Amino acid sequence: ARTTHQVDFGRLRMEASGFLSGGDAAGASVVPTATVTTVLEVPPTIAEENAAATPMLGSLAPVTEGSPFTSVENFVTFAADHDGNEAEFEQDGNVATFASRPATPRVSATYATTTDLFDAVFSSADALVDLEVPSVVEVTLTLPPVVPPDEYVTRVPGKCLLPDECIGPLPEFTAGERLRHKVILAQLCATRASQKAVGAVMRHARCPSVVKAGIKSLRGCVCTDQTCGDYFRLENEAAELLMLEEAQRTLKSVCPKKWAEKYTADGQCPWPVKDDETEAAMTKFGLAPSLTCSVRLICSYEEHLRLVRMAIVGARSHLNIMSCYFFANEAPFVNVVKNLLPDAAKRGVRVRLLLDALPAQSALVKAKLWGPVTKYAQGAKQRLEFLKFYTQTLPDAVKACPPGSFRVAFFKAFDKTSGHAIKSHMKMFSADGRLAVVGGSNMLPTAATGANDCDVLVDGDAARALDANFAKVWAEQTGEDLSESESALAAQEETDAASQAAAAALARAAAAGHKELVDGSHPEHQRHSGGSRPHPLEEALVFQWHERSVRFVDAMSRPGTQGEDAILRGVIGLIDSAKTEFLMCMGFCALHVPLVNALVKASRRGVRVRLLLNSHFSCDLRPPMSDLIAGARALLLAAPDVELYLTGPREQWDVREEEASGEQNVFVPGYDTEGCVDVDTAPYDHPFTFVHAKYCVADRARVSLGSWNAWARSAFHEAEMNLFLESGELGAVLAEKWGRACQSFAARVRDANALAPGGGIFAPRGCKLCTPFGGFVGDAVERAMNGSLPLDVEVEKPTAASAT
């Protein structure tokens, strides 16, 4: 069945495609069960009032003022055919329609004038000789499939923020969960103790070789002596495994091969941001330009702290903050909640803070696992700091503010189908909806990872989009509609106290000599949008943006039983778009078939693929380690030319191109292995830094960054938030950042066999400490070993969207 809809342009919003308005084009994966074609038509005569009624699309009349062209038709089609058959191209006069198979749904548009009218114009109006109106202009964009999102159960009675409350109840494990946590902890302790004992025997100089040969297979795993070196860390690992148990049970009914088909079929994962050619062609139709923003990579730990502080002090209407983890053992985090946010709330700024419940539960259970904490307990200082924050500091800070001005909620959601818990790993900070920070840092960078994380400051449409994303999640969690109060907040006259505080903060910053943030005024920062006044930082301390007018698309993943990951679709599209180089830096990574398939295709078509990943030498969690190394092994098996770097000790042959050419000094490692009989388990003293950044760069021109990690958890368990951007300046800066981190902290791994379990210093054998998440990575290893990757035999060069 085919239906045609005539649309009132006065109310038209191009949200169906996302691409036409620059919105989030990532959807989920079910296509319509029948062919549905939507055609939008402009009447033959474009009256002045009709053009004025279409602000979203802009004027559809020819650009030249006073042009006599009136016979113009503009249309957009969206089609999907459940039978998988390619429909015929249909044309009726100036209206042409595509109906395509579900693997490649498309948007098409045509701008046309009749030849007779064209001739008549130029024979009667010499003034229009420079007017160029093509007889046919066409643009085709590939869209991701449209999938209904997974439904969540939220606002559970007794576990949510009630309308008359300012802080939600503290999330704690149930009695059953606490018991289960102790059982897992006991298993981890037993496993670690046995492995350490075997490792000690293997390293003992007087141990007979026959005994070593007999227990070699029982030798302690290579990561046993690394970050799980004490009991307190094992408690953290036990809490992590407990939080994953429900999701792991859900995955037993998920077929990895069937799940991979969602992302490996042709056309399922387009890059969502329009390139220059497509943007220019779409402009010819009078369609609204893509949403844009300015972007700046936050370059240091100190700069990030300063930006957040100044953004809070200068806020005039509202502050929205979403964070997964909160580090109560670091002073800057506590200062924000204890002092800066309450001060803002007291001067009339609306403050909303959304923290994930699962990390809070973990912190509280570790503080009270065996009863009251004493000074003799291992990690007693840190346990007490977290307990004090959640039970005293946070509640006291909220109570000290006017009612309703400062509200705190804990993200708590359960998949409606399976019942497993959903974790919010989303991180963002927004001030007045005009400036926003998004990336891998949790509200603030930590002292340990601040220099090796990746966060960007954005303004304009991106700041508003991130602000809207927060409002959407907050409303689902608490029932409070922030959009209703936005207009009132924007119209409210700011108090003298707020103005004075903002001005004082900026004056202190200028007096302190923070010139690296100043580049003078710029017209973009004098914009007023939606009635809100510019943030003081926009007026007084204009940032050195790496690039302005950057096209972007924001995306949030909504994990659940469907395994739908909107950000994964965009990242695969980014890989597919690469022509010369693709860089990935990922805090946590477990490469599955969709990602391995895309990376192998890129490598085989001549793209230089380079990955920088963590290992057990730097990573702060044990459970992902076996999946991390197995996924990297699958990639090297299928694409040996890929340049894979893991945080850890370099070998003598590992000299980088930049070092060999003299562009960089040769890196001299300082690993202390003295007295170690078995170098496979040597306690290296070199401080291998945890590279927490999460970003990808294609051709140093297209970027994906945010909180998203490259593993299946983002599809089933952890909600994420990312930005996709077309920015050559940002891409170049990130490429430099990638190179520095790679040289300083990572070793090149060439041989896939070195990543087989027990095959080398990077390859954990796996134990209770190291648990695969479902069978997704195992599926990638299996396919790589039998030679079935990439899934398509023929690999073609990527092509840009057509514009003729």
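Residues numbered from 1 in each chain as written. Predicted model: local features only at pLDDT ≥ 70, side-chain atom pairs only at ≥ 80, totals over all residues. Heavy atoms only, no water.

1. With respect to the overall build of the protein
So, step 1. Tallying secondary structure elements over the protein gives 22 helices and 24 strands in all.
So, step 2. Counting only residues that meet the buried cut, the protein has 57% of its 804 residues in that class.
So, step 3. Partitioning the contacts of the protein with sequence separation of at least 6, the portion at a separation of at least 24 is 82%.
So, step 4. As presented, the protein carries roughly 32,300 Å² of accessible surface, and 53% of it is formed by carbon and sulfur atoms. (Helix = DSSP H or I, 4+ residues; strand = E, 2+ residues; numbered from the N terminus. Buried < 20%, exposed > 50% of the residue type's maximum accessible area, 1.4 Å probe, protein only. Contact = heavy atoms within 4.5 Å. Areas by Shrake-Rupley, 256 points an atom, 1.4 Å probe, with all protein chains shown as cover.)

2. Focus on a nonpolar patch on the surface
So, step 1. A grouping of Val201, Val210 and Val211 is seen on the molecular surface, where their side chains present a nonpolar patch of about 230 Å² in accessible area.
So, step 2. Within the secondary structure, Val210 sits in helix H4 (residues 209-215). (Patch = residues over 30% accessible without salt bridge, like charges linked within 9 Å, V, L, I, M, F, W, Y side chains within 5 Å. Salt bridge = Lys/Arg side-chain N within 4 Å of Asp/Glu carboxyl O.)

3. A look at the environment of Thr561
So, step 1. Locating Thr561 in the fold gives a position in the loop between strand S16 (547-556) and helix H16 (566-577).
So, step 2. Accessibility expressed as a relative area gives 24% for Thr561, which makes it partly exposed.
So, step 3. Through-space distance from the C-alpha of Thr561 to that of His717 is 8.8 Å; in sequence the pair is 156 residues apart.
So, step 4. If near-sequence neighbours (up to four positions away) are discounted, Thr561 is found in contact with Asp150, Thr250, Asp415, Thr417, Ser418, His420 and Phe716.

4. Quick notes on the pairing of strand S15 (residues 455-459)
So, step 1. Taking burial as the measure, the 5 residues of S15 include 5 buried ones, the bulk of the element.
So, step 2. What you see with S15 is no split at all: Asp455, Leu457 and Asp459 on one side and Val456 and Val458 on the other are buried throughout.
So, step 3. Pairing between strand S7 (residues 292-297) and S15: 3 bridges, direction antiparallel. Bridge pairing in S15 places Val295 opposite Val458. (Pairing = 2+ DSSP bridges.)

5. Side note on the pairing of S16
A regular strand carries its side chains on alternate faces of the sheet.
So, step 1. Burial within S16 is extensive, with 7 of its 10 residues counted as buried.
So, step 2. Sheet topology note: the S7/S16 ladder contains 3 bridges and is antiparallel. Opposite Val295, over in S16, you have Glu547 as the bridge partner.
So, step 3. Alignment of S16 against strand S23 (residues 721-726), held across 6 bridges, turns out to be antiparallel.

6. Some details on the sheet that holds strand S11 (residues 413-415)
So, step 1. Pairing is mixed across the open sheet formed by 4 strands, whose spatial order is S6-S11-S12-S22. The open sheet has two free edges, formed respectively by strand S6 (152-153) and strand S22 (718-719), since each of these has just one partner strand.
So, step 2. For strand S12 (residues 421-424) and S22, the ladder comprises 2 bridges, and the chain directions are parallel. Considered in S22, the bridge of Ser424 is made with Ala719.

7. So, unusual backbone geometry
So, step 1. Going from Leu789 to Pro790, the amide bond is cis rather than trans, its omega being 5°.
So, step 2. Along the chain, Pro790 turns up in the segment after helix H22 (776-785).
So, step 3. For Asp699, which is not glycine, the phi dihedral falls at a positive 55°.
So, step 4. Relative to the assigned elements, Asp699 resides in the loop between strand S20 (695-698) and strand S21 (702-706).

8. Considerations on the nonpolar core
So, step 1. Phe582 and Leu611 are the most contacted members of the largest nonpolar core, which has 78 residues in total.
So, step 2. At 8 residues, the largest contribution of residues to this core is made by helix H18 (residues 625-638). (Core = buried A, V, L, I, M, F, W, Y, C linked by side-chain atoms within 4.5 Å.)

9. A closer look at the packing of aromatic side chains
So, step 1. One pass over the structure, following the stated rule, counts 15 aromatic pairs.
So, step 2. When the centroid spacing of 6.4 Å and the interplanar angle of 45° are considered together, the rings of Tyr390 and Phe410 count as tilted. Pair noted here: Tyr390 is in helix H11 (residues 380-399) and Phe410 is in strand S10 (residues 406-411), with a separation of 20 residues, a long-range link.
So, step 3. Every member of this aromatic cluster is reached through a ring pair, and the members are Phe326, Phe327, Phe333, Phe389, Tyr390 and Phe410.
So, step 4. Just above the ring of Tyr152 sits the side chain of Arg558; from NZ or CZ to the centre is 3.9 Å.
So, step 5. The positively charged end of Arg713 is found above the aromatic ring belonging to Trp711, 4.2 Å away from the centroid. (Phe/Tyr/Trp six-rings, centres within 6.5 Å; stacked < 30°, edge-to-face > 60°. Lys NZ or Arg CZ within 6 Å of the ring centre and 35° of its normal.)

10. Concerning helix H5 (residues 231-251)
So, step 1. When the terminal C-alpha atoms of H5 are compared, their 30 Å separation across 21 residues agrees well with the 30 Å that a helix rising 1.5 Å per residue should span.
So, step 2. The largest bend in H5 comes to about 40°, at Glu245.
So, step 3. Extensive coverage of H5 is indicated by the burial of 17 of its 21 residues. (Expected span 1.5 Å × (residues − 1). Bend = angle between axes of the 7 residues up to and from the residue.)

11. Comments concerning the environment of Cys269
So, step 1. Its place among the elements puts Cys269 in the loop between helix H6 (256-264) and helix H7 (276-283).
So, step 2. With relative accessibility at 8%, the residue Cys269 sits in the buried group.

12. Overview of the environment of Cys293
So, step 1. By the secondary structure assignment, Cys293 is in strand S7.
So, step 2. The class for Cys293 is buried, based on a relative accessible area of 2%.
So, step 3. Placed 170 residues apart in sequence, Cys293 and Ala463 show a C-alpha to C-alpha distance of 7.9 Å.
So, step 4. In this view, Cys293 contacts Val458, Asp459, Ala462, Glu547, Arg548, Ser549, Val550, Phe552 and Leu725; residues no more than four positions away in its chain are not counted.

13. Observations concerning the packing of H6 against H22
So, step 1. The N-to-C vectors of H6 and H22 enclose an angle of 85°; their axes lie 9 Å apart at closest approach. Relative to H22, the element H6 lies roughly perpendicular. In this structure, H6 uses Pro256, Lys257, Trp259 and Ala260 to contact H22, whose residues at the interface are Phe776, Asp779, Glu782 and Arg783.
So, step 2. Classifying every residue of the contact of H6 with H22 gives 4 nonpolar, no polar and 4 charged. (Axes fitted to C-alpha atoms, helices over the stretch in contact; angles between N-to-C directions. Parallel < 35°, antiparallel > 145°, perpendicular 65-115°, else oblique. Nonpolar A, V, L, I, M, F, W, Y, C, P; charged D, E, K, R; others polar.)

14. Some remarks on H11
So, step 1. Under the 1.5 Å per step criterion, the end-to-end length of H11 is 28 Å for 20 residues, consistent within 8% with the ideal 28 Å.
So, step 2. Of all the bends found along H11, the most pronounced is centred on Phe389 and spans about 45°.
So, step 3. Buried within H11 are the following residues: Ala380, Arg383, Phe386, Phe389, Tyr390, Thr393, Leu394, Pro395, Ala397 and Val398.
So, step 4. In this structure, the buried side of H11 is in contact with H5, helix H9 (331-346), helix H10 (357-367) and S10.

15. Some thoughts on the confidence of the model for the protein
So, step 1. Looking at the protein, the pLDDT average stands at 76 and 70% of residues meet or exceed 70.
So, step 2. In this model, residues 488-500 is a region of pLDDT below 50 whose contacts with residues beyond four sequence positions or in other chains number 12 contacts.
So, step 3. Segment residues 673-679: pLDDT under 50, and 9 contacts once partners within four positions in sequence are set aside and those in other chains are kept. (pLDDT = per-residue confidence, 0-100.)

16. With respect to the side chain of His420
So, step 1. Position of His420 relative to the elements: it lies in the loop between S11 and S12.
So, step 2. A relative accessible area of 1% means that His420 is categorised as buried.
So, step 3. Separated by 3.2 Å, the side chains of His420 and Thr250 make a polar contact.
So, step 4. Discounting chain neighbours no more than four positions away, the residues touching His420 are Glu246, Ala247, Thr250, Ala413, Phe414, Asp415, Gly560, Thr561 and Phe716. (Polar contact = N/O pair within 3.5 Å; in protein donor to acceptor, adjacent residues only side chain to side chain.)

17. What about the pattern of salt bridges?
So, step 1. In total, this model carries 29 salt bridges according to the counting rule given.
So, step 2. Between Arg558 and Glu476 there is a salt bridge, with its nearest N and O atoms 2.7 Å apart. Of this pair, Arg558 sits in the loop between S16 and H16 while Glu476 is found in helix H12 (residues 460-478), placing the two residues 82 residues apart along the sequence.
So, step 3. Of the residues examined, Glu476 reaches a relative accessible area of 23% and is grouped as partly exposed.
So, step 4. With its nearest N and O atoms 3.0 Å apart, the salt bridge here joins Glu659 to Arg650.
So, step 5. Glu659 sits in the buried class, given a relative accessible area of 5%.
So, step 6. Overlapping salt bridges, with partners in common, bring together Glu581, Arg608, Arg610, Glu643, Glu657 and Arg700 in one network.

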